[in-house]
Amino acid sequence: MRAVVSVVGKDTVGILAKVSAECAKFNANITEITQSVLSDVFAMIMIIDISKLEGNFTDLSDTLSSLGNTMGLKIHVMHEDIFNVMHHI
Amino acid sequence: MINVYDIMETIRMIQDECLDIRTITMGISLLDCIDSDIDKACEKVYNKITNCAKDLVKVGEDIEKEYGIPIINKRISVTPIALVSAACKDANPVKFAHTMDRAAKAVGVNLIGGYSALVQKGFSAGDLEFIKSIPEALSTTERVCSSVNIGSTKTGINLDACKILGEVIRECAEKTVDSDCFGAAKFVAFCNAVDDNPFMAGAFHGVGEPDVMINVGVSGPGVVRAALTKYPDADITQIADVIKKTAYKITRVGQLVGETASERLGVPFGIVDLSLAPTPAVGDSVAYILEEMGLETCGTHGTTACLALLNDAVKKGGVMACSRIGGLSGAFIPVSEDAGMIAAAECGSLKIEKLEAMTAVCSVGLDMIVIPGDTTAETIAAIIADEAAIGMVNTKTTAVRVIPAIGKKVGDVLDWGGLFGKGPVMPLNTASPAKFINRGGQIPAPLHSLKN
């Protein structure tokens, strides 16, 4: 089971570190990262393995979303199933 | 394998183009709550609703967070109350409305539908008293919605019921003048009502349905419009294809959310309503899709053709995306709940006659239309009869949800805010249909109802 973490906002030092640290706290393993910085806008998509998650998925989602708020970023965590059903027959 | 392009597309649909699940509606049968003592019946109704739906809102909110997709409404529909209240002789059925309202508040759903009666072929015991109680029920409760089915392709149209509903709708508005006549916005008159509709105000849980079940209504006019903007010069066949592909994606999400909710609640999954349901939010309008197809303003000549194509393509795209389809399925055209429709009505491009034509090819009928406060009950009854005739002859669901703006006239506005939006008072034909309505009786079913 995997989830997609998307992070968009103004680039600052330590975004990746802080997001990864929160994932680690929940025992979510990061399996893929795609990121880019274009004219100060930071955009990252991270695939995390949530099959051995410690704690609730909704708590992870809330934690990352509030981390985003404190850093001026939009962070969303979405279960992979929504992408699978939408884009694959 | 998920690729970045797909991820970005989904996120954009949700965040920028207002993709959402419009409603998860739990249908609950109240047939086992029937009792000749109304207080006992109400107690059973309250217990059954609060027991079945106790986790509905929590499960809905969890799914929202997990999939990152907003689920705007969590709602409940119940067995038409007229069937339950019929056993309670000489009791005031409004007690059931109060019980439903209390139960809805206890479980945290924003609307509960099913204060309804089915009188397409005549009134059974208690039906008349029940229908006459609707204005009191809607004006003394907050979350209860009501509907009455007055016709079908199989039975024809109950003109006596049309007449009474004209009076009921006026009374609903008169009793709720202080809240911009909102009572009338919670009532809908149907022809060919469906048993598994998840959308309010017309949702009720049909008698042939299982004891409890989950139905889902999807949305996404903004997504369809955004997809069309990428094809400014495509011919109309290509436009239909783009809508089908988009509808497929939207409906897949509905199927996923419905399956998940059903599994977690331990309740069978019923249907996905393949719908394009607008909201007053900017960019979430069905009218704007029609305008994107090439109309200067919604309501002009060509609107019916564009809507017919849209309605059909939504169904064709959605059919393969989910296991069972039901409800009303198609594009909704509520005036007050759609920014583009409001603008078109305000500038005079969209008129009631055009809306009536549009209802022959959309999912339901005349929806959320504000009419002058001095409109007679007979005229409202005749509007219902006209709509029912379109539904009866075309073997489709039609409905009327009009709001008489008591004390107001053409040019004024009723504003409820939120999902219900605001509507300008639209002019009607003022010639009287009173003699026709007062004839009463039953309009016979059309020839093509004889299919056996």
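Residues numbered from 1 in each chain as written. Chains lettered and ligands numbered in written order. Predicted model: local features only at pLDDT ≥ 70, side-chain atom pairs only at ≥ 80, totals over all residues. Heavy atoms only, no water.

## What about helix α10 (residues 236-265) of chain B?
Residues and elements named next belong to chain B.
Step number 1: Taking 1.5 Å of rise per residue, the 30 residues of α10 would be expected to cover 44 Å, and the 43 Å separating its terminal C-alpha atoms lies within 8% of that figure.
Step number 2: A distance of 3.0 Å separates the backbone nitrogen of T237 from a side-chain oxygen at the start of α10, and that oxygen is part of D235.
Step number 3: The positive-phi residue at the C-terminal boundary of α10 is G266, with phi of around 65°. (Helix = DSSP H or I, 4+ residues; strand = E, 2+ residues; numbered from the N terminus. Expected span 1.5 Å × (residues − 1). Polar contact = N/O pair within 3.5 Å; in protein donor to acceptor, adjacent residues only side chain to side chain.)

## Comments concerning the interface of chain B and chain A
Step number 1: Every contact between the two is made by 25 residues of chain B and, on the other side, 26 residues of chain A.
Step number 2: Ranking the residues of chain B by area buried against chain A places I2(B), K65(B) and E66(B) at the top, with a combined share of 25%.
Step number 3: Across the salt bridge formed by D62(A) and K65(B), the nearest N and O atoms sit 3.2 Å from each other.
Step number 4: Our enumeration of links across chain B and chain A arrives at six residue pairs in polar contact (both at pLDDT 80 or more).
Step number 5: When residues of the side of chain B that touches chain A are assigned to their parent elements, the largest contribution, ten residues, is made by helix α1 (residues 4-15) of chain B.
Step number 6: Class assignment for the residues of the side of chain B that touches chain A results in 15 nonpolar, three polar and seven charged. (Contact = heavy atoms within 4.5 Å. Buried area = accessible area lost by both parts, 1.4 Å probe. Salt bridge = Lys/Arg side-chain N within 4 Å of Asp/Glu carboxyl O. Nonpolar A, V, L, I, M, F, W, Y, C, P; charged D, E, K, R; others polar.)

## Regarding the layout of surface pockets
All names here are of chain B.
Step number 1: Of the volumes computed, that of the largest pocket is approximately 290 Å³.
Step number 2: Going through the elements one at a time, α1, α9 (221-229) and α10 are the ones with two or more residues in the lining of the largest pocket.
Step number 3: A total of six residues in the lining of the largest pocket trace back to one element, the largest contributor, which is α10.
Step number 4: Residues that form the lining of the largest pocket fall into these classes: seven nonpolar, two polar and seven charged. (1 Å grid on protein atoms, 1.4 Å probe; cavity = no way out; pocket = protein on both sides within 12 Å on 5 of 7 lines; lining within 4 Å. Points joined across faces, edges and corners; volume = space filled by probe spheres on them.)

## Side note on the pairing of strand β7 (residues 212-218) of chain B
Residue and element names in this part refer to chain B.
Step number 1: The element β7 is largely enclosed, with a buried count of seven among its seven residues.
Step number 2: Covered by surrounding structure in β7 are V212, I214, V216 and V218 together with M213, N215 and G217, the residues of both alternating faces.
Step number 3: With three bridges joining them, β7 and strand β8 (residues 269-273) adopt parallel strand pairing. Bridge pairing in β8 places G217 opposite D273. (Buried < 20%, exposed > 50% of the residue type's maximum accessible area, 1.4 Å probe, protein only. Pairing = 2+ DSSP bridges.)

## A few points about the sheet that holds strand β4 (residues 73-79) of chain A
Residue and element names in this part refer to chain A.
Step number 1: Taken together, the four strands give an open sheet; going across it, the order is β2-β3-β1-β4, and neighbouring strands pair in antiparallel fashion. Because the sheet does not close on itself, it has two edges, and the strands there are β2 (29-38) and β4. In this sheet, adjacent strand axes meet at a mean angle of 10° when their direction is disregarded.
Step number 2: Relative to the sheet, helix α1 (residues 15-25) contacts β1 (2-10), β2, β3 (41-49) and β4, its axis offset from that of β3 by approximately 25°.
Step number 3: Relative to β4, helix α2 (residues 57-71) is tilted by about 165°, and along the sheet it contacts β1, β3 and β4. (Axes fitted to C-alpha atoms, helices over the stretch in contact; angles between N-to-C directions.)

## Brief notes about the pattern of salt bridges
Close approach of charged atoms allows side chains with opposite charge to pair.
Residue and element names in this part refer to chain B.
Step number 1: Tallied over the full model, the rule gives 25 salt bridges over all chains.
Step number 2: Of the charged contacts in the structure, one is a salt bridge between E142 and K105, with a shortest N-O distance of 3.3 Å. Of the two residues, E142 is situated in the loop between α7 (134-139) and β4 (144-152) and K105 in helix α5 (residues 94-107); the sequence distance between them amounts to 37 residues.
Step number 3: Salt bridges linked by common partners bring D101, K105, E142 and R143 together as one network.

## Regarding the packing of α2(A) against helix α3 (residues 56-67) of chain B
The axes of two packed helices give the description: the angle between them and the distance between them.
Step number 1: Interaxial distance between α2(A) and α3(B) falls to 9 Å at its minimum, and their mutual angle equals 60°. In terms of their interaxial angle, α2(A) and α3(B) are classed as oblique. Seen from above, α2(A) lies across α3(B) with left-handed handedness. Facing F57(A), T58(A), S61(A) and D62(A) of α2(A), the residues of α3(B) in contact are D62(B), K65(B) and E66(B).
Step number 2: Considered class by class, the residues forming the contact of α2(A) with α3(B) number one nonpolar, two polar and four charged. (Parallel < 35°, antiparallel > 145°, perpendicular 65-115°, else oblique. Left-handed = near helix turned anticlockwise from the far one by under 90°.)

## A short note on the packing of aromatic side chains
Residues and elements named next belong to chain B.
Step number 1: Scanning the entire structure with this criterion turns up four aromatic pairs over all chains.
Step number 2: Residues F182 and F420 carry aromatic rings whose centres are separated by 4.9 Å and whose planes lie at 90° to one another, so their mutual orientation is edge-to-face. Here F182, found in the loop between α8 (159-175) and β6 (187-191), pairs with F420, found in the loop between β13 (413-417) and β14 (421-424); they are 238 residues apart in sequence, far enough to count as distant. Neither residue differs from the other here; F182 and F420 are each classed as buried.
Step number 3: Over the aromatic face of Y46 sits the side chain of R102, whose NZ or CZ is 4.6 Å from the ring centroid. (Phe/Tyr/Trp six-rings, centres within 6.5 Å; stacked < 30°, edge-to-face > 60°. Lys NZ or Arg CZ within 6 Å of the ring centre and 35° of its normal.)

## Let's talk about the side chain of R170(B)
Residue and element names in this part refer to chain B.
Step number 1: Among the secondary structure elements, R170 is positioned in helix α8.
Step number 2: Judged by its relative accessible area of 16%, R170 is buried.
Step number 3: Apart from residues no more than four positions distant in its own chain, R170 is found in contact with G373, D374, T375, T376, A377, I380, P404 and I406.

## Notes on a nonpolar patch on the surface
All names here are of chain B.
Step number 1: Judged by side-chain polarity, L31, I34, L83, L118 and V207 come together as a nonpolar surface patch covering roughly 360 Å² of accessible area.
Step number 2: Tracing the chain through its elements places I34 in the loop between β1 (21-28) and α2 (38-52).
Step number 3: When its relative accessible area of 34% is taken as the criterion, I34 is described as partly exposed. (Patch = residues over 30% accessible without salt bridge, like charges linked within 9 Å, V, L, I, M, F, W, Y side chains within 5 Å. Areas by Shrake-Rupley, 256 points an atom, 1.4 Å probe, with all protein chains shown as cover.)

## A short note on empty space enclosed by the protein
All names here are of chain B.
Step number 1: The full count for this structure, using the stated rule, is two cavities of 30 Å³ or more.
Step number 2: Its boundaries defined by the atoms lining it, the largest cavity holds a volume of some 340 Å³.
Step number 3: As for the largest cavity, its lining consists of 26 residues, and the residues nearest its centre are F199, M200, E337, D367 and R401.
Step number 4: Those elements giving two or more residues to the lining of the largest cavity turn out to be β2 (71-78), β6, β11 (366-372) and β12 (398-405).

## Some remarks on the environment of I28(B)
Step number 1: Mapped onto the elements, I28(B) comes out in strand β1.
Step number 2: A C-alpha to C-alpha distance of 23 Å links I28(B) and I150(B), two positions 122 residues apart in sequence.

## Considerations on the nonpolar core
Step number 1: One finds Y115(B) and L310(B) to be the most contacted residues of the largest nonpolar core, which totals 162 residues.
Step number 2: Taken domain by domain, this core gets at least three of its residues from each of domain 1 (26-191) and domain 2 (216-439) of chain B.
Step number 3: Those residues in contact with L310(B) that sit more than four places away from it in its chain are V224(B), I243(B), L276(B), V286(B), I289(B), L290(B), M293(B) and A331(B).
Step number 4: With 22 residues, the next largest nonpolar core counts V7(A), V19(A), L53(A) and L73(A) among its residues. (Core = buried A, V, L, I, M, F, W, Y, C linked by side-chain atoms within 4.5 Å. Domains from an automatic or database assignment.)

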